[in-house]
Structures are given as structure tokens and as C-alpha cells.
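One-letter residues, chain by chain:
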Amino acid sequence: MLDDGVPGTALEIECPVIHHKLLTLDTVRKMELQAVLMAAGGGSRMMDLTYNTPKPLLPVGNKPLIWYPLNLLERAGFEEVMVITTKEVQKALSTEQRLKLDVKMKLDVVCIPEEADMGTADALRHIQQKIKTDILVVSCDLITDVALHEVVDLFRAHNATLSMLMSKVHEFTETVPGQKGKKKTGEQRDFVGVDSTGKRLLFMANEADLEDGLVIRKSIMRKHPKMHIKTGLLDAHLYCLKRSVVDFLVDNKSISSLRGELVPYLVRKQFTKALGSQRDDEHTDQNLKRKDANASLEILSSSKDEALLQLACERSCWNDHRGDMSEAYHGGQLRCYAHIMEDGTCYRVNTLAAYVEANRVAPKLFEEPPVHPSAVISERSLVGGDSIIGAFCQIADKTSIKRSTIGTSTTVKEKVKVTNSIIMNGITIEEGCNIQGSVICNNAVIGRGADLKYCLVGSGQRIEAEAERTNEVIVGSDQLMEI
């Protein structure tokens, strides 16, 4: 802290930054943030899994996927969360005992219309009347052990419009069931520009949108001559957003997605010339310029503390750009930040490969016995310490289970070998089967002596006795996706 010799002056000047830096997990809930959990997505990138089981209810480590972000919020001190979901998920959560979430938070469940094709921004518009403060938005498919206050600290310390969580993209090492021989579709990269601190978001664009190459606006480079361009980052779909951004979405219904449209828009708008300038960015047409200028005013609508925070910034000797004496943030009022996780766990469970990997690592995030007390396991069976056995399971003699998850109410009969597999709920595995590297969905029956290697078996499917299947996706005819 700087001291200019005048008692109390330095403390008053630095107060807006210092106090926010001292946030802890226990105080996040006191920061007037409303938590919003997005749990209405259909899981379109892993339809073989989500055809009969909604994505928020997919078992990961024998817990519904939605449990992980709820647990993250509860550990951070939130006492209430708005859950945007479908009627199907709402009904399942309220009626099925095995889906009991075991959370103490109050869940304000809001169902989207069944016929609606809503994106994440559309969903926020749908609950606009319920939003009274700034918000923390989390996706139901996020599994992470991030210290949540790291993202909130950035948001509050800089009075930001947006702060978000990012992590390094994971290279999945497990063999994906049913995928051998199929051409792997590469993810299009995001190009993310940050300042020298690695926190301020200066630029964001997807590879698909860079037909003319990577073009950086002069207005950005003038204020931030040093920029680090990063690739290989994962947008975790965890955002702190100003309340005024939700109001902006209500008036701008053309924006449907948070990740694909709103976030890049906000990052871009940080450096757009103010209303009244003769020309905007040279790549933006006149209609967009007029619309963007009006929208900027809406996003920057003042909160009750805005004037005080602005005064603190103006009188502070701190700024976000070393080397000059310009005012804090170069006068910019719309500010975007990112906390980039360097270590720890951070997965988006939105593909089959991610689902397999999540089942491998997720159990490390909670401290519970790997074998449920109600499970009945023969003393003459072998269950590895790296496996999970769910409630009401029955494991018979001479059975070997290694690096696998066995779901609720599953029966595994004699002389069965299960290795590196995910066995969901209500499944029967007859004697003498060998299952390796596979995913078996709810209520399937695996016939006696069947040999399955790297297969995905859909819900309710029956595999005939003595069958030998390798690298297959085995689903009903009504479940097949059109290509």
C-alpha cells in the first residue's frame, strides 16, 4: 500500500481494491449475487446418453450431474439458487429417491416452456423478473474444484460487467466407447487476448469467425499495447454478470447464447468509441454502430453505488495499465475479466469423451465411502479401491470390478469381469460376462457370457447371451441419430 504521509489517505484511496481482494468463500453469499443454474440443455452432443436420461440427471460417480455445480455453490455459501430446467427434470428430482440431491440450499425451480427452443441468453430473459441483483450463472454440466471467490473477487474488485472462469482444455486419454475408426472432429479454437496481468479480457473470437485472419482493433492496442493471445482455453460456462446486462438482453432478443454471442459482444464493446463519435470500428456497419451505441448505454446503467465507485477510481493512484498516468481503466466503464485455472479440476461434461473422463475423476471431489452401505458384496468377489458401488447393488461370487462405477440397484452375477466401465442404474449383468471400457445405460440386460469391449449400450437394451461386441453403439432403432 502506498503512503503519501497524510494519515488515512492511502487507506481511503485503495479501499475499493483492497477490501474486495480480501474476499473468502464464506463471504461470497454476502455480495448480493443471485445464483442461476442452467439445467435445461438437451445434451445434443451426446444423444446416445441423453435420449432417455436428461443431461442434468446423468450419473457421474453415482451422483446426478446437476449435483456438482449445486455443491460448488453451496460450499461457497449460497443459500438459494434459481434452477432453470425442464418439467421432466423437475419431476424426476422431486419424485425419484435415487436422485435426491442432498443439498441444503433452497432451489427455486423455473421450468422453460416445453415447445421453446431456448438458448442460455433466452433462459435469462425468461427469469428477468426474478433477478434483483448481479448474478452468478453456472452450467449444470460443470464439474470443478475452483475456489469460486477467485471469479467473484475479480468481478467486485474491478466493478466489472463480466467476469468468467476459464481453464486449460483437457486432452482426454480414455478410449471413447463406439468411437474407434471414426474421424475425430476437432474443436474450433477460441482466441483469447488478455493483458499483462492475465486477468483483463481484451479480445475473444472463435476460429470459425476469423476468415480474414486475426485482426486486433487499434482502440485496444492503444490502451493495452501488450496483449497475450491464448488458445487451448475452455470456457467453463461460469459467469458473473451485472444486473444491467440482463436488462440489455430483454431489449436485444437477437442474442440467444451467452457463450457464443453475449460474452464476445461484451468483450468487444469494452473498446468501442463512445456514443457521438463520427465513426465506429471500421469493420462495423452503420446499423450495428447505432444499435451497439444504444446498447452500451443500457449495459452501463448505473447501480446505487456506481457514482461512489466511479469517484474512488478517479481519485485512486491505481490503474490497470502500468507505464502511464492515465485514469484507472483508461476511463472505460464496461470491463470484462477472466480467472484462468492453472491447476485443479475443471470439466464441461458435454461430450461422451468428457463424460467418461468425468466419471474417472469426479469421485475425488467428494469424501464418501466408495461402497454404499446398502450394497451386498460377496466376500469372494474383488472390488478395487478405485471403483464405486452404488446403493442396493448385489455383487456375486468370483466377480472382479476394477476402475469402474456401478450404479444404484444393479445386479452383477457370478464370474463377471468389469474393467474401466460405467454401469448405470437398474442393470442386470448375467454370469460369465466380460465388460471392458464400456458405458451401459439404465435398465439394460447383459446376457450370460457376453463379451463387450468399448461399447455403449443404450437404455433398456438387451444383449444376447454369448454375444461378442467391440466398438459398437448399441441403441434402439428409434434412438438412432440422423446424420
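Relevant structure appears above.
Below, the structure is looked at part by part. (Residues numbered from 1 in each chain as written. Predicted model: local features only at pLDDT ≥ 70, side-chain atom pairs only at ≥ 80, totals over all residues. Heavy atoms only, no water.)

### Some details on the packing of aromatic side chains
Think of a pair of aromatic rings as described by two things: how far the centres are apart, and how the planes are tilted against each other in angle.
No. 1: For the coordinates displayed, the defined rule picks out three aromatic pairs.
No. 2: Taken together, a centroid distance of 4.9 Å and an interplanar angle of 85° make the contact between Trp67 and Tyr68 edge-to-face.
No. 3: Its relative accessible area of 5% is what places Tyr68 among the buried residues.
No. 4: A centroid spacing of 6.2 Å and a plane angle of 20° characterise the contact between Phe172 and Tyr347, whose relative ring orientation is stacked. Residue Phe172 is located in the loop between β8 (162-168) and β9 (190-194), and its partner Tyr347 is located in strand β14 (residues 346-348); the two are separated by 175 residues in the primary sequence.
No. 5: A residue is classified by how much of its surface remains accessible, and Phe172, at 31% relative accessible area, is partly exposed.
No. 6: Exposure remark for Tyr347: the relative accessible area of 8% places this residue in the buried category. (Phe/Tyr/Trp six-rings, centres within 6.5 Å; stacked < 30°, edge-to-face > 60°. Buried < 20%, exposed > 50% of the residue type's maximum accessible area, 1.4 Å probe, protein only. Helix = DSSP H or I, 4+ residues; strand = E, 2+ residues; numbered from the N terminus.)

### A few points about helix α9 (residues 258-269)
Along an α-helix, residues three or four apart share an orientation, since each turn contains 3.6 residues.
No. 1: Residues of α9 that are buried include every one of Leu258, Leu262, Val263, Pro264, Tyr265, Leu266, Val267 and Lys269, and no others.
No. 2: Where α9 begins, one side-chain oxygen reaches toward the backbone nitrogen of Arg259, 3.4 Å away; that side chain belongs to Ser257. (Polar contact = N/O pair within 3.5 Å; in protein donor to acceptor, adjacent residues only side chain to side chain.)

### What about the side chain of Thr351?
No. 1: Mapped onto the secondary structure, Thr351 falls in the loop between β14 and α12 (352-361).
No. 2: If we ignore the near neighbours within four places in the chain, the residues touching Thr351 are Arg45 and Met46. (Contact = heavy atoms within 4.5 Å.)

### Comments concerning the nonpolar core
No. 1: Formed by 77 residues in total, the largest nonpolar core has its most connected members in Leu49 and Ile429.
No. 2: Aside from chain neighbours lying at most four places away, what touches Ile429 is Thr411, Val412, Lys413, Val416, Val418, Ile423, Ile435 and Ile446.
No. 3: Listed in part, the 38 residues of the second largest apolar core include Val110, Val194, Ile255 and Ile340. (Core = buried A, V, L, I, M, F, W, Y, C linked by side-chain atoms within 4.5 Å.)

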